[in-house]
Every structure is written in structure tokens, then in C-alpha cells.
Amino acid sequence: MKIGFYAGSFDPFTIGHLHIVKKAGQIFDKVIIGIGVNSKKTRKFDKNKMCKAIQDLLIEQNILNAECVLFDGLTADIAKEYGATFLIRGIRNGVDYDFEENIALINEEISGIDTVYFRAGAYCAISSSMVNELIERGKDVSKYLPSQIYEIVKEAK
């Protein structure tokens, strides 16, 4: 069974992230979306609510070979625990590639799990950081977020 592990803070989970999950779901038997703890950042949105909203979104979108989990620790270690055969990363541009490739090399060295990249395509301008910046400036971000996620964002205001 081919299992892809897609890790991130997903704070918040954007339509770009959903795009990557849909693409990965066409290739992998199972996609695990792992919401990890980033020790350098404080979360803006509750990770439990985010994971539940992602699960609801997957069901609504009929993406039945994906699930969301919470984890603490190194992505490569957790991916191994879930039996992942590949790590999944989205790439928006060359800067993302350079950043992700360095992490992929270390992850492969410590776990033996390779990383596959999916292009963000039309969603290349969307990032959680960009969405958070717009939220802080009082802008409407509804077009960048799936409706279930947008509800969490509205609650947090």
C-alpha cells in the first residue's frame, strides 16, 4: 500500500493545501494529513478544530482515502509510525523547492522515506502566512479557504 504523509502546521488549511491533497489522493492509496507542532510558532487556530474541519472537508469533497491526524515530534519519525512510503510536500516556486529539498535530504537520511513534490499550480500565491497577514489586516480571506476552515477563522476573530 502506498501511503503519503503530508505534514504541516496548516494554520490555517488553505485551498492550496486541499489542491495538494486532491492530487496526492490520485496517486497514493492513503494520504495522511499531519498537523504538527512547530516549536518556533504559536498557533493562531486551534489544531483540534482544524483537524476536525479538515476531516469534514475530506468527507464533503468525497476524498475517502485521506485522513487528518495530530502529531508532536519529527515528521519523518511520525510518518514511519504511520507506515508512510513517501512524504508529501507542495511546491509554489523555486524558493519553496530549495527550502523543501534541504529538509527532504535530512528526512530521507534519518528515516529512509523519500519526499515527493506536488506543484501548487494556480494556487501558487496562496500560503497560510499570506492568509494570516490578510486576516490581521481585516481583509476577506474566504476565497482562499475551504468553507469549513473559514468558519474556524471567523470564530477566532
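Refer to the structure printed above.
Right, let's walk through the structure included here. The structure displayed is predicted, hence computed values, not measured ones.

## Remarks on the sheet that holds strand 2 (residues 30–36)
Moving on, step 1. With parallel pairing, the 5 strands of this open sheet are ordered in space as 3-2-1-4-5. With one partner strand each, in any of the chains shown, strand 3 (66–71) and strand 5 (114–119) form the two edges of the open sheet. Averaged over all neighbouring strand pairs, the angle between strand axes comes to 30°, with direction disregarded.
Moving on, step 2. Each of strand 2 and strand 3 touches helix 2 (residues 47–60); the most contacted strand, strand 3, lies at about 170° to it.

## As for a nonpolar patch on the surface
Moving on, step 1. Taken together, the side chains of Leu74, Ile106 and Ile110 define a hydrophobic patch exposed on the protein surface, amounting to about 280 Å² of accessible area.
Moving on, step 2. As for its placement among the helices and strands, Ile106 is situated in helix 4 (residues 94–111).
Moving on, step 3. Here Ile106 falls in the partly exposed class, since its relative accessible area comes to 47%.

## Topic: unusual backbone geometry
Moving on, step 1. Put simply, Asp11 and Pro12 share a cis peptide bond, and its omega is 10°.
Moving on, step 2. Phi is positive for Phe10, which is not a glycine, with a value near 45°.
Moving on, step 3. As for its position among the elements, Phe10 is in the loop between strand 1 (3–8) and helix 1 (15–27).
Moving on, step 4. Its relative accessible area of 3% is what places Phe10 among the buried residues.

## Thoughts on helix 6 (residues 147–156)
An α-helix turns once per 3.6 residues; consequently, residues spaced three or four apart project the same way.
Moving on, step 1. Of all the positions in helix 6, only Gln148, Ile149, Tyr150, Ile152 and Val153 are classed as buried.
Moving on, step 2. In this structure, the buried residues of helix 6 make contact with helix 2 and helix 5 (128–136).

## Describing the packing of helix 2 against helix 6
Moving on, step 1. Packing of helix 2 against helix 6 leaves a shortest axis separation of 8 Å and a crossing angle of 155°. Judged by the inter-axis angle, helix 2 sits roughly antiparallel to helix 6. Between helix 2, through Lys49, Met50, Ala53, Ile54, Asp56, Leu57 and Glu60, and helix 6, the contact on the second element is made entirely by Gln148, Ile149, Ile152 and Glu155.
Moving on, step 2. For the contact of helix 2 with helix 6, the per-class residue count stands at 6 nonpolar, 1 polar and 4 charged.

## A word on the environment of Leu145
Moving on, step 1. Of note, Leu145 is situated in the loop between helix 5 and helix 6.
Moving on, step 2. It is 5.2 Å that separates the C-alpha atoms of Leu145 and Ile15, two residues lying 130 residues apart in sequence.
Moving on, step 3. Leu145 has contacts with Pro12, Phe13, Thr14, Ile15, Val131, Tyr150 and Val153, leaving out every residue within four places of it along the chain.

## Let's talk about the pairing of strand 3
Moving on, step 1. Taken together, the 6 bridges between strand 2 and strand 3 define a ladder with parallel strand orientation. Bridge pairing in strand 3 places Gly36 opposite Phe71.
Moving on, step 2. Of the crossover connections in this fold, the one passing from strand 2 over helix 2 to the parallel strand 3 is right-handed.

## Quick notes on the packing of aromatic side chains
Moving on, step 1. Applying the stated criterion to the full structure yields 6 aromatic pairs.
Moving on, step 2. Look at Phe5 and Phe71: their rings are 5.6 Å apart centre to centre, the planes differ by 65°, and that puts the pair in the edge-to-face class. Taken together, the residues Phe5 in strand 1 and Phe71 in strand 3 connect sequence positions 66 residues apart.
Moving on, step 3. Residue classification places Phe71 among the buried residues on the basis of a relative accessible area of 9%.

Quick notes on the rules
Residues numbered from 1 in each chain as written. Predicted model: local features only at pLDDT ≥ 70, side-chain atom pairs only at ≥ 80, totals over all residues. Heavy atoms only, no water. Pairing = 2+ DSSP bridges. Helix = DSSP H or I, 4+ residues; strand = E, 2+ residues; numbered from the N terminus. Axes fitted to C-alpha atoms, helices over the stretch in contact; angles between N-to-C directions. Contact = heavy atoms within 4.5 Å. Patch = residues over 30% accessible without salt bridge, like charges linked within 9 Å, V, L, I, M, F, W, Y side chains within 5 Å. Areas by Shrake-Rupley, 256 points an atom, 1.4 Å probe, with all protein chains shown as cover. Salt bridge = Lys/Arg side-chain N within 4 Å of Asp/Glu carboxyl O. Buried < 20%, exposed > 50% of the residue type's maximum accessible area, 1.4 Å probe, protein only. Parallel < 35°, antiparallel > 145°, perpendicular 65-115°, else oblique. Nonpolar A, V, L, I, M, F, W, Y, C, P; charged D, E, K, R; others polar. Right-handed = clockwise from strand over helix to strand, strands pointing away. Phe/Tyr/Trp six-rings, centres within 6.5 Å; stacked < 30°, edge-to-face > 60°.

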